[in-house]
Amino acid sequence: MSLIPHSPGAASPLQAMKASLHPAAVSAAKPRLLVAGATGVLGNEVLRRLVGSGRYAHTEVLATEAMATSLSGVGIALAGAPAPIEAWAVRPLPAHTGLIMFEPPRLYYGRERTLWTPTPAQMPELARWLQRCGVQTLVVVVPHASGRLPDALKRGLADLDEHAVAAMGFERVLLVRSARKEQAASGKNLFERTAAWMLSVLKFMIPAAEQPVRPAKLAEFIDTALAMLPVGTHVAAPELLWQANQSTAAGWGGQRDGAIGGNTMRQVVLAWLAATHNPEQNSPTDAVPARPD
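Residues numbered from 1 in each chain as written. Predicted model: local features only at pLDDT ≥ 70, side-chain atom pairs only at ≥ 80, totals over all residues. Heavy atoms only, no water.

A. Structural detail: the overall build of the protein. In terms of helices and strands, the protein carries 10 helices and eight strands. Residue burial in the protein is summarised as follows: out of 293 residues, 40% are buried. Here the contacts in the protein between residues at least 6 apart in sequence split such that 74% fall between residues at least 24 apart. Carbon and sulfur atoms make up 59% of the accessible area of the protein, which totals about 16400 Å². (Helix = DSSP H or I, 4+ residues; strand = E, 2+ residues; numbered from the N terminus. Buried < 20%, exposed > 50% of the residue type's maximum accessible area, 1.4 Å probe, protein only. Contact = heavy atoms within 4.5 Å. Areas by Shrake-Rupley, 256 points an atom, 1.4 Å probe, with all protein chains shown as cover.)

B. Here's a closer look at helix α8 (residues 215-228). Spanning 14 residues, α8 covers 20 Å between terminal C-alpha atoms, matching the ideal 20 Å at 1.5 Å per step. Across the 14 residues of α8, 11 count as buried, placing the element largely inside the fold. Within α8, the full set of buried residues consists of Lys217, Leu218, Ala219, Glu220, Phe221, Ile222, Asp223, Thr224, Ala225, Leu226 and Met228. (Expected span 1.5 Å × (residues − 1).)

C. Inspection of the pairing of strand β4 (residues 97-100) at higher detail. Of the two faces of β4, the one lined by Thr97 and Leu99 and the one lined by Gly98 and Ile100 are each fully buried. Across four bridges, strand β1 (residues 32-36) lies against β4 in parallel orientation. Bridge pairing in β4 places valine 35 opposite leucine 99. (Pairing = 2+ DSSP bridges.)

D. Up close: the pattern of salt bridges. A full pass over the atoms with the stated rule returns eight salt bridges. With a shortest N-O distance of 3.4 Å, glutamate 220 and lysine 217 are connected by a salt bridge. Taken together, the residues glutamate 220 and lysine 217, both in helix α8 and three residues apart, mark about one turn of the helix. By the burial criterion, glutamate 220 is buried, and lysine 217 matches it. (Salt bridge = Lys/Arg side-chain N within 4 Å of Asp/Glu carboxyl O.)

E. Representation of the packing of helix α9 (residues 238-245) against helix α10 (residues 265-276) in the model. As a packed pair, α9 and α10 sit with axes 9 Å apart at the nearest point and diverge in direction by 155°. The angle between α9 and α10 places the two elements in the roughly antiparallel class. In the packing of α9 onto α10, the handedness of the crossing is right-handed. Taken together, the residues of α10 that come into contact with α9 (itself represented by Leu240, Gln243 and Ala244) are Met265, Val268 and Trp272. When the residues that make up the contact of α9 with α10 are grouped by side-chain class, the tally is five nonpolar, one polar and no charged. (Axes fitted to C-alpha atoms, helices over the stretch in contact; angles between N-to-C directions. Parallel < 35°, antiparallel > 145°, perpendicular 65-115°, else oblique. Left-handed = near helix turned anticlockwise from the far one by under 90°. Nonpolar A, V, L, I, M, F, W, Y, C, P; charged D, E, K, R; others polar.)

F. Layout of the environment of alanine 57. Relative to the helices and strands, alanine 57 is located in the loop between α2 (40-52) and β2 (58-63). It is 5.7 Å that separates the C-alpha atoms of alanine 57 and proline 31, two residues lying 26 residues apart in sequence. Once residues lying within four places of it in the same chain are set aside, the contact partners of alanine 57 are Lys30 and Pro31.

Here it is as structure tokens:
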């Protein structure tokens with residue numbers, strides 16, 4: 001006779017033991033992340049933020065040669081360069097989320113010199129390869145010069161390459177229009193430095209909403225948006241990123257919705273997504289359906 005009391009509706013100790021031997025049936029497997037262009041300050045911040053979120057089972061970073069990584073759960077995926085991207089072999093294990101960034105590597109970091117960074121012209125081919133690798137959610141951080149992006153392109157698709165990516169059939173596409181910081185003039189000749197100095201006065205005429213966003217805040221925006229993004233193609237305009245840059249540090253946990261003291265990143269993303277689905281509050285170009293009816 002058993003000495004363990006139990007109610008008629010409770011599971012038996014034998015059933016509990018069997019359940020403990022099959023933990024995979026209790027929780028769903030986490031998705032995998034594949035990153036192209038994890039270089040520069042922005043690439044480093046975004047990679048650390050997404051890896052630290054704990055939402056991904058494993059993260060792979062494209063590189064030109066094998067190397068050890070210091071982040072737990074991060075591995076190296078060897079790029080097929082210099083062969084064309086269309087000839088690259090797909091990854092052995094499918095990835096659910098793909099991330100493309102174009103910030104050049106910092107040459108004084110030896111590790112970053114081995115990471116593979118795409119060029120904007122390679123975006124369509126790279127997106128097709130990521131799709132063959134199983135990617136369903138694609139994020140592209142699209143850099144542009146501060147104050148030089150026409151208003152008509154801030155919230156919509158800017159060129160044929162972006163239209164092509166949006167039409168590939170991804171479940172979710174997020175284009176982040178991030179203003180790039182000006183390059184230092186130390187490596188330029190005298191005439192280039194003089195021209196850069198004369199043009200530098202124009203930066204004071206650029207609205208604050210179109211200034212570059214802090215990499216840590218941009219990484220937080222991408223992380224938060226990925227956790228909440230609905231199906232479709234979405235464009236994060238510079239003004240939205242400026243709002244994200246002003247968000248409080250409470251993030252997901254410390255501050256409740258509607259609390260006094262500024263909007264959290266979650267509130268900024270929620271308001272943006274609500275506006276993109278309300279044609280009376282926003283332009284329909286803010287969210288172009290990935291698969292139009």
